[in-house]
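What follows is each chain in one-letter form.
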Amino acid sequence: MLAPQNDSLDRLIRKLDGITRLSEADKQAIRGLPVIVKTIGPGQAILHEGDPSPYCCLILNGWTLCQQLLSDGKRQILSVHVANDMPDLQSLHLPYPDFGMFALTGATIAFVPHVELRALMAAFPTVSAVFWRETLIVAAIHRAWITGLGRRDARGRLAHLFCEMRARLTAVGLNDGDTIPMPLRQTDLADVLGLTSVHVNRTMRELRAENLVRLESRRLEIRDWGALSAMAEFNPHYLYLPKHQSSQKLR
Amino acid sequence: MPRFFFDIHDGQFTRDDEGTNCADFEAARREAMASLPEIARFTLPNDGDTRAFTVLVRNEVGVIVYTATLTFAGLALNSAATS
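Residues numbered from 1 in each chain as written. Chains lettered and ligands numbered in written order. Predicted model: local features only at pLDDT ≥ 70, side-chain atom pairs only at ≥ 80, totals over all residues. Heavy atoms only, no water.

Peer 1: I keep staring at the overall build of chain A and nothing clicks. Help me out?
Peer 2: In terms of helices and strands, chain A carries nine helices and ten strands. The C-alpha atoms of chain A give 18 Å as radius of gyration, which agrees with the globular expectation for 251 residues (18 Å, within 12%). Along the first, second and third principal axes, the C-alpha set of chain A runs to 55 × 45 × 30 Å. A buried classification covers 53% of the 251 residues belonging to chain A. Sequence separation of at least 24 residues holds for 72% of the intrachain contacts in chain A that already meet a minimum separation of 6. Summing over all exposed atoms, chain A offers an accessible surface of approximately 11600 Å²; the carbon and sulfur share of this is 54%. Here chain A holds 29 positive side-chain charges and 25 negative ones, and the gap between their average locations is 4 Å. (Helix = DSSP H or I, 4+ residues; strand = E, 2+ residues; numbered from the N terminus. Rg over C-alpha atoms; globule rule 2.2 N^0.38 Å. Buried < 20%, exposed > 50% of the residue type's maximum accessible area, 1.4 Å probe, protein only. Contact = heavy atoms within 4.5 Å. Areas by Shrake-Rupley, 256 points an atom, 1.4 Å probe, with all protein chains shown as cover. Lys, Arg positive; Asp, Glu negative; His and termini not counted. Charge placed at Lys NZ, Arg CZ, Asp CG, Glu CD.)

Okay, here's the thing in structure tokens:
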């Protein structure tokens, strides 16, 4: 597993370097991290709520979802993660996860041990700062979702999610022009957006009828970015995407 | 899981061709009960004072197994307050 391990650390370096410029010494230190790369099947759990894990996850490919469950079986999806995301960096300091995470699609995940990550951060303050910044961006995404869940109407919620995913996937090169993968099914979208499945279905049909999007075979084509992002009042600023990536995409 | 189809009438008819998986009839009924007020919540403020939202729930063979209507009837009472 040496090749994927090196590859995953290079991915991590490119990602972090996009947030804050790293020195050669920083990069060399990150390359020294031990990682365990695992393939997780669709629907399989990665983190259980309340179950401490000695690792932070770096998603190499696939999609994962973080969620909380209520006793009557209702679920709120808290966040959606794609390649190059680190969904549980907070576990470095908050050992008992207050959410569960599972793979939505098949996923490849690099697990980085807390012990070595802490030692790296203590020795390299720039690396420490860049991980802190990454955690804050995750918090900014949560804020955008709270405003959506609390105050946007159904169309605004769905449109905003589609805009966000397009921006995030484009930043990691997973778009095909105006088309992005969309493995979230109707019930997943309902649990992301805090809506009923029937309402999501109806809202999706409205967006399709207005020729804003087209969803086919788990791929979402954004047919009118201007109208969709206006409806969503989408401003990508909170994602803090690297400049060269965000400027070529948001037309 | 059986699939149920939720057609919605609210001035215009939206036929559900995609459907939603529900564990059983009871789950489909609860989905209908949760969906109508939710759709009304987001639709009403942009529309008139009198609206009815009806759902027809079809099972996989096309038989209507449940129907419900939610009505909103608003009336402005003081002409001075509305001018």
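Peer 1: Whenever I open this one, a nonpolar patch on the surface confuses me. Can you help?
Peer 2: Together, Phe25, Val61, Val63 and Val65 of chain B give the surface a local cluster of nonpolar side chains, amounting to about 340 Å² of exposed area. Mapped onto the fold, Val65 of chain B is located in strand β5 (residues 64-73). (Patch = residues over 30% accessible without salt bridge, like charges linked within 9 Å, V, L, I, M, F, W, Y side chains within 5 Å. Salt bridge = Lys/Arg side-chain N within 4 Å of Asp/Glu carboxyl O.)

Peer 1: Hey, could you run me through the packing of aromatic side chains in this one?
Peer 2: The description of an aromatic ring pair rests on the distance of the ring centres and on the angle between the ring planes. Residues and elements named next belong to chain A. Scanning the entire structure with this criterion turns up four aromatic pairs over all chains. Aromatic pair Tyr55 and Phe111: ring centres 5.9 Å apart, planes at 70°, arrangement edge-to-face. Here Phe111 lies in strand β7 (residues 107-113) and Tyr55 lies in strand β3 (residues 55-61), a separation of 56 residues in the sequence. Summarising the aromatic geometry, the rings of Phe234 and Tyr238 are spaced 6.2 Å apart at their centres and angled 80° between planes, so their arrangement reads as edge-to-face. Here the aromatic cluster, defined as three or more aromatic residues joined through ring pairs, consists of Trp225, Phe234 and Tyr238. Looking at Lys38, its charged tip hangs above the ring of Phe111, at a distance of 5.2 Å from the centre. The positively charged end of Arg166 is found above the aromatic ring belonging to Trp225, 4.7 Å away from the centroid. (Phe/Tyr/Trp six-rings, centres within 6.5 Å; stacked < 30°, edge-to-face > 60°. Lys NZ or Arg CZ within 6 Å of the ring centre and 35° of its normal.)

Peer 1: Would you mind showing me how to read the sheet that holds strand β8 (residues 179-181) of chain A here?
Peer 2: Across a sheet, strands are paired by hydrogen bonds formed along the backbone, either parallel or antiparallel in direction. Residue and element names in this part refer to chain A. One open sheet holds the three strands; their spatial order is β8-β10-β9, and the pairing between them is antiparallel. Strands at the two margins of the open sheet, each flanked by one partner only, are β8 and β9 (213-216). Looking at each pair of strands side by side, their axes are set apart by 20° on average, direction ignored. (Pairing = 2+ DSSP bridges. Axes fitted to C-alpha atoms, helices over the stretch in contact; angles between N-to-C directions.)

Peer 1: Would you mind going over the pairing of β7 of chain A with me for this structure?
Peer 2: All names here are of chain A. Within β7, seven of the seven residues are buried, leaving the element largely enclosed by the surrounding structure. Of the two faces of β7, the one holding Ala107, Ile109, Phe111 and Pro113 and the one holding Thr108, Ala110 and Val112 are both buried throughout. Both strand β1 (residues 36-40) and β7 contribute to a ladder of five bridges, which runs antiparallel. Each residue of the ladder has a partner; that of Thr39, found in β7, is Thr108. In this sheet, β7 lies alongside β3 in antiparallel orientation, the contact comprising six bridges. Pairing of Leu58 across the sheet is with Ala110, part of β7.

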